[in-house]
Amino acid sequence: MGWQRTPGGGGQDGESLLDGSAELARVRAVLALGGVPWDQLDDGVQQVRVKLLDARAAPGKDPIRNWAAWLTVVASRVACDWHRSRTHDAALRERLATRWADQPPPEAEDQRVLALVVAGELETMPVRQRQVLCLRYYADLPVHDIARLLEIPEGTVKSRLHSATAALKKCLQDKEVI
């Protein structure tokens, strides 16, 4: 017997799912068993909520028959995506490290201090901004390559670069480094 979407949604309409119910505990358990760290479980639950809202708002689809099974599958896919992104980030770090290994460290003390402050500020930035800054300025990739690697439009890369450089410049000016 195949899985089907049937009217009625298996007794639940999806409105109250993931709001303090047993389904929330199930989603958190699937994410944890999938290897998502405890400190990132809430982010995973939010991703499942977004997919739930998308599924409910999809035009022309029948309601989901078994919400528990659907949520379990979605949570396991979110956990897989988390692992893929972690692997992708590790490969990117390795690529950056090999590129930097060829370059000698800066000679002047001022340059070393600036490099340490910039590295510290990069750690505090959101991941999306940090990714585009590192790929553009440390890996020296053009915008179209960054867009291809991150699977986002070039305009989004440019926008993130602009906002990230402005935020970094402001932080460095506030700390009176530049």
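- As annotated in an unreviewed UniProt entry, the chain is Sigma-70 family RNA polymerase sigma factor from Streptomyces katsurahamanus.
- UniProt lists a comment for the chain under the heading Sequence similarities (unreviewed entry), and it reads "Belongs to the sigma-70 factor family. ECF subfamily."

1. So, the overall build of the chain
In step 1: Looking only at helices and strands, the chain has 7 helices and 0 strands in total.
In step 2: When the helices and strands of the chain are placed in sequence order, the string is α-α-α-α-α-α-α.
In step 3: Looking at the 178 residues of the chain, the share that counts as buried comes to 29%.
In step 4: A separation threshold of at least 6 residues defines the contact pool for the chain, and within that pool the share at least 24 residues apart is 66%.

2. Structural notes on a nonpolar patch on the surface
In step 1: On the surface, Leu114, Val177 and Ile178 cluster together to form a nonpolar patch covering roughly 230 Å² of accessible area.
In step 2: By secondary structure assignment, the location of Ile178 is in the segment after helix 7 (154–174).

3. Here's the deal with the confidence of the model for the chain
Low-pLDDT stretches of the model should not have their predicted coordinates read in fine detail.
In step 1: For the chain, per-residue confidence averages 80 on the pLDDT scale, and 85% of positions sit at 70 or higher.
In step 2: Throughout residues 1–12 the model reports pLDDT below 50, and contacts reaching past four residues in sequence, or to other chains, amount to 24 contacts.

4. Let's talk about the packing of aromatic side chains
In step 1: Summed over the entire model, instances satisfying the criterion amount to 1 aromatic pair.
In step 2: Where Trp67 meets Trp70, the ring centres are 5.9 Å apart and the plane angle is 75°; that geometry is what we call edge-to-face. With Trp67 and Trp70 both in helix 3 (residues 67–101) and 3 residues apart, the pair spans about one turn of that helix. Each of the two residues, Trp67 as well as Trp70, counts as buried.
In step 3: Across the ring face of Tyr137, the terminal group of Arg136 is positioned such that the distance to the ring centre comes to 5.9 Å.

5. Structural notes on the pattern of salt bridges
It is possible for side chains bearing opposite charge to pair when their charged atoms get close.
In step 1: On inspection of all chains with the given rule, the structure shows 7 salt bridges.
In step 2: Its salt-bridge partner being Arg26, residue Glu23 comes within 3.2 Å of it at the nearest N-O pair. Residue Glu23 and its partner Arg26 are located together in helix 1 (residues 22–33), separated by 3 residues, close to a single helical turn.
In step 3: Judged by relative accessible area, which is 10%, Glu23 ranks as buried.
In step 4: The closest approach of N and O atoms between Glu121 and Lys175, which form a salt bridge, is 2.5 Å. One end of the pair, Glu121, is in helix 4 (residues 109–124); the other, Lys175, is in the segment after helix 7, and 54 residues separate them in sequence.
In step 5: We classify Glu121 as buried; its relative accessible area is 7%.

Rules behind the numbers
- Residues numbered from 1 in each chain as written.
- Predicted model: local features only at pLDDT ≥ 70, side-chain atom pairs only at ≥ 80, totals over all residues.
- Heavy atoms only, no water.
- UniProt positions renumbered as here; feature names shortened; annotations may be inferred.
- Helix = DSSP H or I, 4+ residues; strand = E, 2+ residues; numbered from the N terminus.
- Buried < 20%, exposed > 50% of the residue type's maximum accessible area, 1.4 Å probe, protein only.
- Contact = heavy atoms within 4.5 Å.
- Patch = residues over 30% accessible without salt bridge, like charges linked within 9 Å, V, L, I, M, F, W, Y side chains within 5 Å.
- Areas by Shrake-Rupley, 256 points an atom, 1.4 Å probe, with all protein chains shown as cover.
- Salt bridge = Lys/Arg side-chain N within 4 Å of Asp/Glu carboxyl O.
- pLDDT = per-residue confidence, 0-100.
- Phe/Tyr/Trp six-rings, centres within 6.5 Å; stacked < 30°, edge-to-face > 60°.
- Lys NZ or Arg CZ within 6 Å of the ring centre and 35° of its normal.

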